[in-house]
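# Residue-level structural notes
Here is how the chains run, residue by residue.
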Amino acid sequence: MNGVVKMRALNQMQTAAVLGSGVMGAQIAAHLANSGLQVRLFDLCSESEGQPNALAEKALRGLAKLKPEALLDKMVLARIQAANYRDDLPQLRHCDLVIEAVSENPKIKKALYQQVAEQFNPEAIFASNTSGLSIERLAAALPISLRPHFCGIHFFNPPRYMHLVELIAHSGSDAEMLDFLEAFLTHRLGKGVIRARDTPAFIANRIGTFSIVSICHHAERFKLAPVEVDLLTGKLLGRPKSATYRTMDLVGLDILAAVVGSLRTRLTDDPWQQQFTLPSWIMDLLAKKALGQKSGAGVYKKVEGQIRVYQPDLGEYRVSAAKIAPDLGALFAIKDPQKRFEALLACDEPQAQFLRSLLADLFHYAAFHLEEIAHNAADLDLAMRWGFGWQQGPFELWQSLGWQLVSQWLQAEIEAGQTLSDAPLPDWVFQQSQIHGKLASWSACDGVFQPLAEHAVYQRQLFRPRPVGVLPSEKITVVEEGEGVRLWHSGDGLLVLGFESKLHTVDRAVLVGLLRAIALAEREFKALLIWQPHAPFCAGANLKLVLESVAAGQADQVETLVEQFQQVSLRLKYSTVPTVAAVQGLALGGGCELLLHCDRVVAAQESYIGLVETGVGLVPAGGGCKEMLWRALEGLPEGADPLLPVAGYFEQIAMAKVSASAQQARALGYLRPADPIVPHVDELLYVAKQQAKALAESNYLPPLPMKIPVLGRSGLATLKAKLFNLREGGFISPYDFTVAEGLARVLCGGDLEAGSRVNEGWVLALEREMFMALLRNKETQQRILHTLKTGKPLRN
């Protein structure tokens, strides 16, 4: 299928149906609706008189309340229509895509297929969201004419946020249909697609579930408490902070037990079959209906604000803590991965022995089953990164520790009976010096190194995700690196800038780098782009440095820094070349202010944008108040009351409101209607470059300086009256009142007559004055310190 034709055809996918309104079905429907599709959500016909769609409608009500939010915006819910199997099956004839998401029971699925098959549009794609049942066997339950359009599409929970989707074919799946689906899932839904082989639990759940049961086994072997296991198997190991037992609670102990039991039954030829079991104390918790977070208790339980952990030896919950053994902590400070691993092998601490054991079993299992479950090592590693949140997949980690070193150690462990199985390692393990080369990754099933799958949709991913060791295809020239920013280009006349600071916060070096970059772009390039290779876009100003400067009696240096930030904002806005920001993840405080001054913002769907300075007792002072004031008044119809839009933005900034998606950021005014929103984060830079080129090639001129009509004293009096009522009613603290009053003063233009027109410099001076006045207050300093320590705001 021609790549251009295929990309156009993606927009023709307009209507979908989801069969089954359970947890996964409802959230899949939500994400399809997020992507612009009209969706029909089916479930059984309710016996309630006059309410045949009651089950599906209940699921829709649940979506509106779900945390984390399944919907990009609550307005999206209008795209989903409740339906039932008794009355509404003819609606399937109008659907381009039908996804089955009913219970993981082959009999139930096959019975449903017989019921709905005759209703399908002949061109429709039909897919099962099974998490591990055989697609070949499910396809056999369909009429022969429908089988070419059938496959497995395995979303991970929650579908909006988890990047991985496994695409599974059966022997009769149409190749063109699979290519189309890969493009649709990638471009429209923003997913990372891995084509898995049709084996039990596919790739991610197979490896991930084995990792969990292996960890549980070795925790009992080394007598490690759950809290200690989670300390060792979370961020220390490059995995999510929920680690093992907290993850089990989030998933649900009952669901995990069902998955483990199913694999134990189905993996009859797996040498590790008998290891697919959970500890007896987990089964005891299940018997007590302690299912995890959804039941209020699992391995962890919250009692009167305290987190308690189940103690298997005592059979009760207790407050518990754990520490990393000093010797182990010291070796994890070693930066070189191979030297760190060598130190781990030499460490005798039980915690070190535990880590060695679970790594040995993980590497052993992944190598033994690679040929069976994945087309190549890249697919397996990316599946674990995207589906389980691991920083590195098993083979990436193995290679980083030294492929041959680990291979020899692992072989010795197997021969010594220290692993959960004595199954031999495949011969290819010893025939390779690495599994990921510069251009390709090893395929055990084909016996060759394979490049990443080729598809037209990936042409939009300039830095397509790839395993560690595989080089990116985009060739770049680095102009500058290490002085606060990194500047580079790829020969297209566009200068790209990224921050080198932690969490991409703004400090003096970043500001100076931005000024250099703007000047360079004006001299030698067509446009300037601000893009970070990974989230966040910018977590705001470096508050730690701000607080340290004030504590050292150097508040004047902070004021100079604020002036410099304002200078950068104006340079971005009035540069003689277009400025485009590509945002993903957090863009808070100063990060948001940078976006507000760019000619265009291209936002990933998962962008969380907001002016949050009031949360630490400050006001935005990088031009954020000025820009939001202008956006409140810009385009206001003649004769309209300016107080309403200004008051709306005042409340928004005073509450430090952050968007829960790029769509919400547009509704909040942080993004303009012309700012594109991109579902797939890896297409962000491509779209940003297209926007920059379009601006540069259309006779770009910077905007004219603004004259802003302000609300003045009368507007300030109105806002202060509202604040007074909130304070007297106990809704805000006295210091909240002080901060909000300062914000109101800035947004109203200070002590002027209503309707007075001021330039940008006037509002910037007010921002700066109020920022510094608040910063000198001990209450603001306490708020900053508390946020730096806890990550949470302080109400003082």
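First things first, this report covers the structure right here in the doc. As the structure is a computational prediction, the values presented were derived from the model and not from experiment.

Throughout the structure, instances matching the rule amount to 31 salt bridges. Residue E372 is joined to R206 by a salt bridge in which the shortest nitrogen-to-oxygen separation is 3.5 Å. With E372 in helix α14 (residues 350-373) and R206 in helix α7 (residues 204-221), the pair connects residues that are 166 residues apart, well separated along the chain. Here E372 falls in the partly exposed class, since its relative accessible area comes to 30%. A salt bridge links R318 to E316; the shortest N-O distance between them is 2.7 Å. Judged by its relative accessible area of 43%, R318 falls in the partly exposed class. A relative accessible area of 33% places E316 in the partly exposed class. Among the charged side chains, a network of salt bridges with common partners joins K573, K626, E627 and E760.

What follows covers the state of the cysteines. Counted by the stated rule, this structure contains zero disulfides. Summary of cysteine pairing: C538 is not part of a disulfide, and the nearest cysteine sulfur, belonging to C592, is at 9.9 Å.

Strand order across the open sheet formed by three strands is β9-β10-β11, with antiparallel pairing between neighbours. Every other strand in the sheet has two partners, leaving β9 (300-303) and β11 (316-318) as the edge strands with one partner each. Between one strand axis and the next, the sheet turns by 40° as a mean value, whatever way the strands run. In the sheet, strand β10 (residues 306-311) pairs with β11 via three bridges, with the strands oriented antiparallel.

Now for helix α10 (residues 253-266). If you check α10, its first and last C-alpha atoms are 20 Å apart, about what 14 residues at 1.5 Å a residue would give, namely 20 Å. Lining the buried residues of α10 we find α7, α9 (245-251) and α11 (280-287).

Tallied over the entire structure, the rule returns 26 aromatic pairs. Ring centres of F395 and W403 lie 6.5 Å apart, and the angle between their planes is 40°; on these two criteria the pair is classed as tilted. On the accessibility criterion, W403 (3% relative accessible area) is buried. In this structure, R464 packs its charged tip against the face of Y458, placed 3.7 Å from the ring centre. A cation over a ring is seen here: R727 above F737, with NZ or CZ 4.2 Å from the ring centre.

The next thing to look at is helix α19 (residues 508-524). Between its first and last C-alpha atoms α19 spans 24 Å; for 17 residues at 1.5 Å apiece the expected length is 24 Å, and the two agree. Listed in full, the buried residues belonging to α19 are V510, L511, G513, L514, L515, A517, I518, L520 and A521. Looking at the buried side of α19, the elements it contacts are β14 (477-481), β15 (485-489), β16 (494-499), β17 (527-531), α21 (555-574) and α22 (590-596). N-cap assignment for α19: the residue whose side-chain oxygen lies 3.2 Å from the backbone N of A509 is D507.

So, on to unusual backbone geometry. Leaving glycine out, the prevailing phi sign among residues is negative, and the prevailing peptide bond configuration is trans. Note that the residue after N157, namely P158, is joined by a cis bond; omega there is 0°. Tracing the chain through its elements places P158 in the loop between β6 (150-155) and β7 (164-168). The linkage connecting A535 with the following residue, P536, adopts the cis geometry, with an omega of 0°. Here P536 shows up in the loop between β17 and α20 (543-551). In this structure, H504 takes a positive phi of about 55° despite not being glycine. Here H504 shows up in the loop between β16 and α19.

A word on the nonpolar core. Formed by 111 residues in total, the largest nonpolar core has its most connected members in F354, L370, F395 and W428. By residue number, the principal contributor to this core is α14, which donates 13 residues. Aside from chain neighbours lying at most four places away, what touches F354 is I215, H218, A219, F222, L224, V229, L232 and T233.

Turning next to the sheet that holds strand β18 (residues 579-588). With mixed pairing, seven strands are arranged side by side in an open sheet as β14-β15-β16-β17-β18-β19-β20. Since the sheet does not close on itself, it has two edges, and those belong to β14 and β20 (677-678), each with one partner. Note that β17 and β18 share four bridges and pair parallel. Residue pairing for β18: L529 is matched across the bridge by V580.

Topologically, K109 is positioned in helix α4 (residues 106-116). Filtering out sequence-adjacent residues up to four positions away, K109 remains in contact with E100, V102, S103, E104, S128, T130, L133 and L138.

The N-to-C vectors of helix α23 (residues 624-633) and helix α24 (residues 643-654) enclose an angle of 145°; their axes lie 8 Å apart at closest approach. For the crossing formed where α23 meets α24, the hand is right-handed. Judged by residue contacts, M628, L629, R631, A632 and L633 of α23 engage P645, V646, Y649, Q652 and I653 from α24. By residue class, the composition of the contact of α23 with α24 is eight nonpolar, one polar and one charged.

This next bit is on the pairing of strand β2 (residues 38-43). Consecutive residues of a regular strand have side chains that alternate between opposite faces of the sheet. Of all six residues that make up β2, five are buried, and the element is covered over most of its length. Examined bridge by bridge, strand β1 (residues 15-19) and β2 share five bridges and lie parallel to one another. Within β2, the position partnered with T15 by the bridge is Q38. With helix α2 (residues 23-34) bridging β1 and the parallel β2, this β-α-β connection has right-handed handedness.

Quick notes on the rules
- The residue count restarts for each chain, going from 1 along the sequence in the order it is written.
- Where local features are concerned, this predicted model is filtered to residues with pLDDT of at least 70; where side-chain atom pairs are given and counted, the filter is 80 or more; whole-chain, interface and lining totals use all residues.
- The side-chain values count all of the structure's non-hydrogen atoms but skip hydrogen atoms and water molecules.
- Any Lys or Arg side-chain nitrogen located within 4 Å of an Asp or Glu carboxyl oxygen qualifies as a salt bridge.
- To qualify as a helix, a DSSP run of H or I must reach at least 4 residues; to qualify as a strand, a run of E must reach at least 2; elements of each kind are numbered from the N terminus.
- Residue burial is assigned from relative accessible area. The probe radius is 1.4 Å, only protein chains are included, and a residue is buried under 20% of its type maximum, exposed over 50%, and partly exposed in between.
- In this description, the term disulfide denotes a pair of cysteine sulfurs within 2.5 Å.
- By definition, two strands form a pair when at least two bridges between them are found by DSSP.
- Axes, fitted as lines to C-alpha atoms, cover a helix only where it is in contact. Angles between the N-to-C directions of the axes lie from 0 to 180 degrees.
- By this rule the span expected of a helix is its residue count minus one, scaled by 1.5 Å.
- The contact definition used throughout considers only heavy atoms, calling two residues in contact when any of these lie within 4.5 Å.
- Any pair of Phe, Tyr and Trp rings, taking the six-membered ring for Trp, is counted once the centres come within 6.5 Å. Such a pair is stacked with planes under 30 degrees apart, edge-to-face with planes over 60 apart, and tilted for the rest.
- Only lysine NZ and arginine CZ atoms are considered, and such an atom sits over a ring when it is within 6 Å of the ring centre and within 35 degrees of the ring normal.
- By the criterion applied in these results, polar contacts are pairs of N or O atoms within 3.5 Å in which, for protein atoms, one can donate a hydrogen and the other can accept it, and in which residues neighboring in sequence qualify only through two side-chain atoms.
- Residues belong to a common nonpolar core when they are buried Ala, Val, Leu, Ile, Met, Phe, Trp, Tyr or Cys residues joined through side-chain atoms within 4.5 Å.
- The sense of a crossing depends on the near helix, which, turned anticlockwise from the far helix by less than a right angle, makes the crossing left-handed and, turned clockwise, makes it right-handed.
- Polarity classes work like this: nonpolar for Ala, Val, Leu, Ile, Met, Phe, Trp, Tyr, Cys and Pro, charged for Asp, Glu, Lys and Arg, and polar for all others, with Gly in that last group.
- When the strands point away from the viewer and the connection leading from the first strand across the helix to the second strand turns clockwise, the crossover is called right-handed.

Don't take any of this as a statement about function, it's just geometry.
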